[in-house]
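So the chains spell out like this:
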Amino acid sequence: MKSVIENVIIIGSGPAGLTAAIYSARANLNPLMIEGEEIGGQLMTTTDVENYPGFAEAITGPELMTEVKKQAARFGTRFLPKNVTKVDFSSRPFKIWVGQDLYQTRAVIITTGASAKYLGLPSEKRLLGHGVSACATCDGGFFKNQDVAIIGGGDTAMEEAIFLTRFAKKVLVIHRRDEFRASKIMTDRVLKNPKIEVLWDTALVEVVGDKTVTAIKVENVKTHEKKEMPMNGVFIAIGHKPNTELFKGQLAMNEVGYLITNGRSTYTSVPGVFAAGDVQDNMYRQAITAAGTGCMAAMDCERFFEKEEN
Ligand code: NDP
């Protein structure tokens, strides 16, 4: 066990965590960030980020995160590039384990983010990064004048299908039901786009290819009719899963595992534990909104200490 009791430990190192680090470091809270082994979060797998304010010319995701990390380090944030393995938030100081090492802290800011969901097909896993992707924004550019399929019927699938029409020759949206879950405006845009075709009531059953994707096998879920279609890329857009396994039974979560924060603040169900970024937001999921809530979490934490001390 470490003998010091930290002021604040930030778990996770994406835009939310790093922004929380900048703010809490500048507030003299001397934060410790336990970064996880996938340092930098989801932006590390993107190419150009064109919608983060402050960069008139696009910056890449990894470059952006490197800069933000330098900024957090400049104010004294300490970094530990390891995974948290267990937490105990039942009493204060809170306990956080990294393997055998136990850290104690007065407050915690959770910014563990969310990960893309996959269908669970062996062929999908085998060809991940070789024609199968869960991020059209990151990988769409590799499919110039080619045919791509996108799986899902939510807003993400619609947004990514439209984005992919910039590069691809044809975009096939494959959805397991006969209507989309997506908003009407996004649905209309997809249905009106001449480059996009929709396969309703259809499931992807296999991605075909040796070193790279060459075809897909699909099945109509009503008629059970199967067919194989030539295809160059497959984008999975069936939602995200928040990274909250560690906190089960300790913090209030919604039915799909997103941490519940209190109204317009970043307070979780345990006073002194705050959450920011995608781990508590399945709606906006942008780097800038994650950064915004990271700032809020640091300010909430600072005010929480002030209240305790007065
Ligand atoms: P959603 O959960 O909204 O949609 C997931 C889609 O994937 C659904 O159509 C679902 O089918 C399908 N799906 C889930 N699991 C499987 C599976 N195993 N096999 C086949 N299909 C599957 O996730 P999104 O990521 O699209 O959106 C998340 C949130 O973010 C939403 O609130 C959305 O509105 C929001 N968002 C908003 C945007 C915007 O406004 N610009 C852009 C992107 C996201 P089914 O419908 O049958 O359940």
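Presented here is a report on the structure given in the accompanying data block. This structure is a prediction, so every number in the text was calculated from the model and none was measured.

Some remarks on the sheet that holds strand β14 (residues 202-208)
- Pairing is antiparallel in the open sheet, where 3 strands are placed in the order β14-β15-β16. Either end of the sheet is taken by a strand with one partner, and the two such strands are β14 and β16 (226-230). In this sheet, neighbouring strand axes are inclined to one another by 25° on average, regardless of whether the strands run parallel or antiparallel.
- Summarising the sheet, β14 and strand β15 (residues 215-220) pair through 6 bridges and their orientation is antiparallel. What sits directly across from Ala203, in β15, is Glu219.

Things to note about the environment of Asp88
- Relative to the helices and strands, Asp88 is located in strand β6 (residues 86-88).
- The spatial distance from the C-alpha of Asp88 to the C-alpha of Phe247 is 8.6 Å, given a sequence separation of 159 residues.
- Those residues in contact with Asp88 that lie beyond four places of it in its chain are Phe94, Lys95, Trp97 and Gln250.
- Separated by 2.6 Å, the side chains of Asp88 and Ser90 make a polar contact.

Quick notes on the packing of helix α5 (residues 155-164) against helix α6 (residues 184-192)
- Running from amino to carboxyl end, α5 crosses α6 at an angle of 35°, the nearest separation of the two axes being 9 Å. Considering the relative orientation of α5 and α6, their crossing is left-handed. On α6, the residues touching Asp155, Met158, Glu159 and Ile162 of α5 are Met186, Thr187, Arg189 and Val190.

With respect to the pattern of salt bridges
- Considering all chains together, one arrives at 14 salt bridges under this definition.
- As a salt-bridge pair, Arg78 and Glu6 come within 2.5 Å of each other at their nearest N and O atoms. Residue Arg78 is found in strand β5 (residues 78-80), and its partner Glu6 is found in strand β1 (residues 5-11); the two are separated by 72 residues along the sequence.
- Between Arg106 and Glu308 there is a salt bridge; the shortest N-O distance is 4.0 Å. Taken together, the residues span a long stretch of sequence, with Arg106 in strand β8 (residues 101-110) and Glu308 in helix α7 (residues 287-309) at a distance of 202 residues.
- Each member of the salt-bridge network shares a partner with another, and the members are Arg92, Arg106, Glu308 and Glu309.

Describing the site of the ligand
- What surrounds the ligand is a group of 17 residues, the closest being Gly153, Asp155, Thr156, Arg177 and Arg181.
- Backbone polar atom of Gly154 to an oxygen atom of the ligand: 3.3 Å apart, as the coordinates give it.
- The fraction of the free accessible surface of the ligand (910 Å²) that becomes covered by protein chains is 72%.
- Among the residues forming the shell around the ligand, the class breakdown is 4 nonpolar, 7 polar and 6 charged.
- Counting the residues that make up the shell around the ligand, at least three belong to each of domain 1 (5-115 + 240-309) and domain 2 (118-236).

What to know about the pairing of strand β12 (residues 170-174)
- Most of β12 is tucked away: 4 of the 5 residues are buried.
- With 5 bridges joining them, strand β11 (residues 147-151) and β12 adopt parallel strand pairing. Residue pairing in the sheet places Asp147 in a bridge with Lys170 of β12.
- In this region the chain leaves β11, passes through α5 and returns to the parallel neighbour β12; the handedness of that crossover is right-handed.
- In the sheet, β12 pairs with strand β13 (residues 196-199) via 4 bridges, with the strands oriented parallel. Considered in β13, the bridge of Leu172 is made with Glu197.
- In the classification by handedness, the crossover that spans β12, the intervening α6 and the parallel β13 is right-handed.

Let's talk about the packing of aromatic side chains
- One pass over the full model with this rule turns up 10 aromatic pairs.
- Ring plane angle 75° and centroid distance 5.6 Å describe the contact between Phe89 and Phe94, whose orientation is recorded as edge-to-face. Accessibility assignment for this pair places Phe89 and Phe94 in one class, buried.
- Taking 5.5 Å as the distance between ring centres and 75° as the angle between the ring planes, the aromatic pair formed by Phe143 and Phe235 counts as edge-to-face. Of this pair, Phe143 sits in the loop between α4 (136-139) and β11 while Phe235 sits in strand β17 (residues 233-236); the two residues are 92 residues apart in sequence, bridging distant segments of the chain. We note that Phe143, like Phe235, is buried.

The rules behind the values
Residues numbered from 1 in each chain as written. Predicted model: local features only at pLDDT ≥ 70, side-chain atom pairs only at ≥ 80, totals over all residues. Heavy atoms only, no water. Pairing = 2+ DSSP bridges. Helix = DSSP H or I, 4+ residues; strand = E, 2+ residues; numbered from the N terminus. Axes fitted to C-alpha atoms, helices over the stretch in contact; angles between N-to-C directions. Contact = heavy atoms within 4.5 Å. Polar contact = N/O pair within 3.5 Å; in protein donor to acceptor, adjacent residues only side chain to side chain. Left-handed = near helix turned anticlockwise from the far one by under 90°. Salt bridge = Lys/Arg side-chain N within 4 Å of Asp/Glu carboxyl O. Near = heavy atom within 4 Å. Areas by Shrake-Rupley, 256 points an atom, 1.4 Å probe, with all protein chains shown as cover. Nonpolar A, V, L, I, M, F, W, Y, C, P; charged D, E, K, R; others polar. Domains from an automatic or database assignment. Buried < 20%, exposed > 50% of the residue type's maximum accessible area, 1.4 Å probe, protein only. Right-handed = clockwise from strand over helix to strand, strands pointing away. Phe/Tyr/Trp six-rings, centres within 6.5 Å; stacked < 30°, edge-to-face > 60°.

Geometry only, nothing functional implied.
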